[in-house]
Amino acid sequence: MTTLGIVGAGHIGSTVARLAVDAGVDVVIANSRGPETLTDLVADLGDHARAATAEEAATDGDLVVLTVPLKALGDLPVDAFDGQVVLDTGNYYPERDGRIAALDDGSTTASELTARTLPGARVVKVFNNIYFEHLATLARPDAEAGSEERSVLAIAGDDPAAKDAATALLDRIGYDVVDAGPLAEGWRFQPDTPAYGLPYDGSTDGQWSGGTAKRVGADELRAALEAATRD
Ligand SMILES: NC(=O)c1ccc[n+]([C@@H]2O[C@H](COP(=O)([O-])OP(=O)(O)OC[C@H]3O[C@@H](n4cnc5c(N)ncnc54)[C@H](OP(=O)(O)O)[C@@H]3O)[C@@H](O)[C@H]2O)c1
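Cut-offs used in this document
- Every chain is numbered independently, its residues counted from 1 as its sequence is written.
- Per-residue local features are limited, in this predicted model, to residues with pLDDT of at least 70; the limit for side-chain atom pairs, both in listing and counting, is 80 or more; totals at the level of whole chains, interfaces and linings are taken over all residues.
- Values shown for side chains rest on all heavy atoms present in the structure; no hydrogens or waters enter the calculation.
- The term nonpolar core refers to a set of buried residues drawn from Ala, Val, Leu, Ile, Met, Phe, Trp, Tyr and Cys, joined through side-chain atoms within 4.5 Å.
- The rule is simple: take the accessible area with a 1.4 Å probe, protein chains only, and divide by the maximum for that residue type; under 20% is buried, over 50% is exposed, in between is partly exposed.
- Helix and strand definitions here come from DSSP, where helices need a minimum of 4 consecutive H or I residues and strands a minimum of 2 consecutive E residues; each element is numbered from the N-terminal end.
- Under this definition, polar contacts are N or O atom pairs within 3.5 Å; protein pairs additionally need one hydrogen-donor-capable and one acceptor-capable atom, and for neighbouring residues in sequence, both atoms have to be side-chain atoms.
- We call two residues contacting when some pair of their heavy atoms lies within 4.5 Å.
- Strands were regarded as paired on the criterion that DSSP finds at least two bridges between them.
- Note on handedness: a crossover is taken as right-handed if, strands pointing away from the viewer, the path from the first strand over the helix to the second is clockwise.
- A carboxyl oxygen of Asp or Glu within 4 Å of a side-chain nitrogen of Lys or Arg is what we treat as a salt bridge.
- Pairing of aromatic side chains here covers Phe, Tyr and the six-membered ring of Trp, requires ring centres within 6.5 Å, and sorts the geometry by plane angle: under 30 degrees stacked, over 60 edge-to-face, intermediate tilted.
- For helices, the axis comes from a line fit to the C-alpha atoms of the stretch in contact; other axes are also lines fit to C-alpha atoms, and the angle between any two N-to-C directions lies between 0 and 180 degrees.

Leu4, Val27, Leu87, Phe127, Leu135, Tyr175 and Leu221 are the most contacted members of the largest nonpolar core, which totals 48 residues. Take this core: its biggest share by element is six residues, from helix H1 (residues 11-22). Within the second largest apolar cluster, 25 residues are counted, among which are Val28, Phe81, Val86 and Leu113.

Right, dumping it as structure tokens:
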């Protein structure tokens, strides 16, 4: 994999771009307003990054990170994602995204919704349960896979080869992986579950602080995924 497409250039998109560039991966990044609005970001990222339209970022990436609010799914250039492995960071926040009945009643998951919106893509859910600042600081690209220094991230997906591609990218930017199963199991690390955000937060009172990041190993993350319940 030599080029990572990133659709969405906000908190998570720009953080993943930085981690990828630092790991020697070329990045093509897009937002909703056009490449001319990303001049400062790509200048900051350096020679391995370029700004593009969402269509170009989806097409040109060997792998594509989709990191937009759920409410923007309907605005995506659907055909451009055909055949691509898409790493979906999306979460459902009704106050931001509007009410979505199939998510409210638990009959589907956010990344299954993404997969239905992009029928030609092979979707892997990842990066959604870690705060962007923690994602930046916990990456250990120089540490060996499985080492005590590394944190794990959960993935879910229906296509084993797509999961392998996601795992390889995560390894390159400095994370190990816990496989949470198919996309239908993605609810286990959606908002309001034990695996969501808090495990990576360094607060000592069990409350979310958004401050210092804390390493999360595979056993801890597996236990949090197992502890999830669905109403
Ligand atoms: N913030 C976190 O720590 C965090 C952690 C994990 C997961 N997430 C989830 O990841 C997703 C992205 O979160 P974020 O915090 O990075 O959001 P954000 O900072 O608000 O950035 C959203 C990005 O999406 C772009 N965008 C919106 N519609 C688009 C479209 N149709 N085509 C291309 N780009 C589009 C926006 O571009 P414009 O600015 O040009 O509109 C912006 O660059 C959300 O679902 C969020 O819940 C966030």
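In this fold, glutamine 84 is placed in the loop between strand E4 (63-66) and strand E5 (85-88). For glutamine 84, a relative accessible area of 10% gives the class buried. In terms of polar contacts, glutamine 84 uses its side chain to reach the backbone carbonyl oxygen of glycine 61, at 2.7 Å. Residue contacts for glutamine 84: discarding those within four places in its chain leaves Ala58, Thr59, Gly61, Asp62, Val64, Gly120, Ala121 and Arg122.

Regular strands show a simple pattern: their side chains alternate between the two faces of the sheet. Pairing analysis gives five bridges linking strand E7 (residues 151-157) to strand E8 (residues 175-179), with the strands arranged parallel. Residue pairing across strands places serine 151 opposite tyrosine 175, the latter belonging to E8. What joins E7 to E8 is helix H8 (residues 160-173), and the crossover it makes is right-handed.

Let us look at the pattern of salt bridges. Enumeration according to the criterion identifies 12 salt bridges in this entry. Here aspartate 60 makes a salt bridge to arginine 50, at a shortest N to O gap of 3.0 Å. Pair noted here: aspartate 60 is in helix H3 (residues 54-60) and arginine 50 is in strand E3 (residues 49-51), with a separation of 10 residues, a long-range link. Residue classification places aspartate 60 among the partly exposed residues on the basis of a relative accessible area of 34%. Classification of arginine 50 as partly exposed rests on a relative accessible area of 41%. A salt bridge links aspartate 97 to arginine 96, with the shortest nitrogen-to-oxygen separation between them at 3.0 Å. By relative accessible area, arginine 96 is classed as partly exposed at 36%. Residues joined by salt bridges that share partners form a network here, namely Arg18, Asp22 and Asp44.

So, about the packing of aromatic side chains. As enumerated under the stated definition, the model contains two aromatic pairs in all. With centroids separated by 4.9 Å and ring planes inclined at 70°, the aromatic side chains of tyrosine 131 and phenylalanine 132 adopt a geometry described as edge-to-face. When the centroid spacing of 5.4 Å and the interplanar angle of 85° are considered together, the rings of tyrosine 131 and tryptophan 208 count as edge-to-face. Taken together, the residues tyrosine 131 in the loop between strand E6 (122-125) and helix H7 (132-138) and tryptophan 208 in the loop between E8 and helix H9 (218-227) connect sequence positions 77 residues apart. Given a relative accessible area of 26%, tyrosine 131 falls into the partly exposed group.

Of the two faces of E5, the one carrying Val85 and Leu87 and the one carrying Val86 and Asp88 are both buried. Where E5 lies against E6, four bridges are found, and the strand directions are parallel. Its bridge partner being in E6, valine 85 is matched across the sheet by arginine 122.

What links the strands of a sheet is backbone hydrogen bonding, and the strands pair in either a parallel or an antiparallel sense. Spatially, E3-E2-E1-E4-E5-E6-E7-E8 is the arrangement adopted by the eight strands of the open sheet, whose pairing is mixed. Only two strands of the sheet have a single neighbouring strand rather than two, namely E3 and E8. Neighbour to neighbour, the strand axes of the sheet diverge by 30° on average, direction disregarded.

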